[in-house]
Amino acid sequence: MKLLIANGRVVDPADKIDSVNDILIENGKVIRIAPRIRTSGKKSNVKIINVRGKVVMPGAIDMHAHLREPGYEEKETIYSGTRAAASGGITSVCCMPNTRPVIDNQTTVEFVMLKAQKEGVVNVFPVGAITKNLAGEELTEIAELKNAGVVAISDDGNAVANSRIMYLALKYAKMFSLPVISHCEDTNLSKGGVMNAGYTATLLGLRGIPPEAEEIMVIRDIILAHSAGAHLHVTHVSCCESVRFIREAKRKNIKVTCDTAPHYFTLTEEAVKTYVYNTNTKVNPPLRTIEDVKAIKEGLKDGTIDCIASDHAPHTQEEKARDYESAPFGIIGLETLLPLIFTELVHTKVLSLQDAIAKVTINPATVLNLSNKGRLSVGADADITVVDLEREFIYERVVSKSKNTPFLGRKFRGYVEMTIVGGKIVFRDGKLLL
Ligand code: DOR
Ligand code: ZN
């Protein structure tokens, strides 16, 4: 059975396409893209879906999410997390290794991949740990992780404090063509902090995390990546100076890429005040200032920031019901990644539609060496997202197992109508189909 996605506005930044086209899919692959594909033979052989007026884009790749399985199934599972992803138009998710046990060996990688195959509805690409048990002391067997199927290594949630270990990680990762995803945080500077350091934190009587905690590690890792000749990917960039340092490093042809998350171009530290200690604004790195938000948008605009990822970090209602100091850090984001990009970047003209889509498709695919993903060329995997760019909706129903988002009740413009993974429709008209 073939599938024909007909009459949509196909936007594929990788192939510089932005025009009305039909897309023909067979056996999970794109087999043709052209205006008006005639389907010969028996009609019943081709399922035709008319998406006139809608944007048809490569399925979004979320390169940074926490699916929490194994070990924290009360927060999220591969089952629930991949359904949240599908509802948000995300067809591939990279899951971070801060699980229990940590994804730091072949067995845990295989467990995640098997679970994803059995219970998941989107593609799952595990990220392996840099150090065993994320302890920052002993490197994992990077060759073993690579052979098992990881697409990158990261100690996300923790920074690798020891510069020598980080250097060696970069050296080894290079041998296996893996990017090292760095959570940049100097924990001596951030220790005890729960929100951005500054006036608002003082006003609220909360301990601050200064931007320097991030910037210092961004600089250190750029230096190490440069001498190791390795690919560094800085994740969840939140502040102005980090953007500047990365821009500078790129100018010097150092192999560094980076991503930010929607909350860093949407919210400021003021949100902590507005929602009166709403712990759903507690995230690491913290929400920063309006100057930082401007710098992040600037970085997105000029290409310094390559990708946008959700940093989906689910936590239970009980955990988030604690006081601001002791609640865990994290915001869920699989379902709001695309709506926030359309609402806050595309409709506001910060980014063109092509550039915005690139940041969640071909750019992360390139960073992670996913050659058949992030584009709609003939032969590519038929992972496709259909969006009504103009349709407004209020975010009310959360698919993820956890509900920790500051965006609940918010109005978005840009609605995911359909999600196709490997040629199969997994989400359509507000309903999951698997
Ligand atoms: O807010 C965060 N939550 N930041 C991180 O780096 C880790 C994450 C988590 O795992 O909850
Ligand atoms: Zn992190």
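Up top is the structure.
Residues numbered from 1 in each chain as written. Chains lettered and ligands numbered in written order. Predicted model: local features only at pLDDT ≥ 70, side-chain atom pairs only at ≥ 80, totals over all residues. Heavy atoms only, no water.

A few points about the overall build of the chain
Phase 1: Along the backbone of the chain there are 15 helices and 19 strands.
Phase 2: By principal-axis analysis of the C-alpha atoms, the chain measures approximately 70 × 45 × 45 Å.
Phase 3: Each of the 434 residues in the chain was classed as buried or not, and the buried ones make up 61%.
Phase 4: For the chain, the exposed surface amounts to about 17100 Å²; the carbon and sulfur share of it is 50%. (Helix = DSSP H or I, 4+ residues; strand = E, 2+ residues; numbered from the N terminus. Buried < 20%, exposed > 50% of the residue type's maximum accessible area, 1.4 Å probe, protein only. Areas by Shrake-Rupley, 256 points an atom, 1.4 Å probe, with all protein chains shown as cover.)

Here's the deal with the packing of aromatic side chains
Phase 1: Applying the stated criterion across every chain, the model contains 3 aromatic pairs.
Phase 2: With 5.6 Å between their ring centres and 50° between their planes, phenylalanine 393 and phenylalanine 412 make a pair best called tilted. Within this pair, whereas phenylalanine 393 is found in strand 16 (residues 384-394), its partner phenylalanine 412 is found in strand 17 (residues 411-421), the two being separated by 19 residues in sequence. The same class applies to phenylalanine 393 as to phenylalanine 412, namely buried.
Phase 3: An aromatic cluster of at least three residues, connected via ring pairs, comprises Phe393, Tyr395, Phe412 and Tyr415.
Phase 4: In this arrangement the basic side chain of arginine 100 is found over the ring face of tyrosine 72, its NZ or CZ atom lying 4.3 Å from the centre. (Phe/Tyr/Trp six-rings, centres within 6.5 Å; stacked < 30°, edge-to-face > 60°. Lys NZ or Arg CZ within 6 Å of the ring centre and 35° of its normal.)

Observations regarding the sheet that holds strand 10 (residues 180-182)
Phase 1: Read across the open sheet, the 5 strands follow the order 9-10-13-14-15; overall the sheet is parallel. Edge positions in the sheet fall to strand 9 (153-154) and strand 15 (307-308), since each has one partner strand and no second.
Phase 2: As paired strands, strand 13 (residues 232-234) and strand 14 (residues 256-260) are joined by 3 bridges and run parallel to one another. Bridge pairing in strand 14 links valine 234 to cysteine 258. (Pairing = 2+ DSSP bridges.)

Some thoughts on the coordination of the zinc ion (ligand 2)
Phase 1: Protein ligation of the zinc ion (ligand 2) involves Asp156 (OD), His183 (ND1) and His236 (NE2), the donor distances falling in the range 1.9 to 2.3 Å.
Phase 2: Between the 4 donor atoms coordinating the zinc ion (ligand 2), the angles at the centre fall across 84 to 127°, so the site counts as irregular.
Phase 3: Summarised as a motif, the one-chain spacing of the donors to the zinc ion (ligand 2) is D-x26-H-x52-H. Residue histidine 183 is found in the loop between strand 10 and helix 5 (187-190), and its partner histidine 236 is found in the loop between strand 13 and helix 8 (240-251); the two are separated by 53 residues along the sequence.
Phase 4: Given a relative accessible area of 5%, histidine 183 falls into the buried group. (Donors = N, O, S within 2.8 Å, 3.2 Å for Na, K, Ca; no water. Tetrahedral: all angles 85-135°; square planar, octahedral: opposite > 155°, others 65-115°.)

Section: the site of ligand 1
Phase 1: Around ligand 1 lies a shell of 13 residues, among which Arg68, Asn98, His183, Asn284 and His315 are the nearest.
Phase 2: For ligand 1, an oxygen atom lies 3.0 Å from a polar atom in the side chain of histidine 315.
Phase 3: Measuring from a nitrogen atom of ligand 1, one finds a backbone N or O atom of phenylalanine 329 at 3.1 Å.
Phase 4: Notes on ligand 1: free accessible area 280 Å², of which the protein chains cover 93%.
Phase 5: Counted by class, the shell around ligand 1 contains 3 nonpolar, 8 polar and 2 charged residues. (Near = heavy atom within 4 Å. Polar contact = N/O pair within 3.5 Å; in protein donor to acceptor, adjacent residues only side chain to side chain. Nonpolar A, V, L, I, M, F, W, Y, C, P; charged D, E, K, R; others polar.)

Points about the nonpolar core
Phase 1: Counting residues in hydrophobic clusters, the biggest one holds 77 residues, and the most contacted among them are Met57, Leu170, Val234 and Ile341.
Phase 2: Leucine 170 has contacts with Val180, Leu224, Ala225, Ala228, Ala230, His231 and Leu232, leaving out every residue within four places of it along the chain.
Phase 3: Within the second largest apolar cluster, 17 residues are counted, among which are Ile5, Ile17, Met418 and Ile420. (Core = buried A, V, L, I, M, F, W, Y, C linked by side-chain atoms within 4.5 Å. Contact = heavy atoms within 4.5 Å.)

As for the sheet that holds strand 7 (residues 90-95)
Phase 1: Overall, parallel pairing links the 3 strands, which are arranged 6-7-8 in an open sheet. Two strands close off the open sheet at either side, each with one partner strand: strand 6 (60-65) and strand 8 (123-126). Across the sheet, the mean angle from the axis of one strand to that of its neighbour is 20°, orientation sign disregarded.
Phase 2: Pairing of strand 7 with strand 8 involves 4 bridges; the strand directions are parallel. Residue cysteine 95 lies in a different strand from strand 8, and its bridge partner there is proline 126. (Axes fitted to C-alpha atoms, helices over the stretch in contact; angles between N-to-C directions.)

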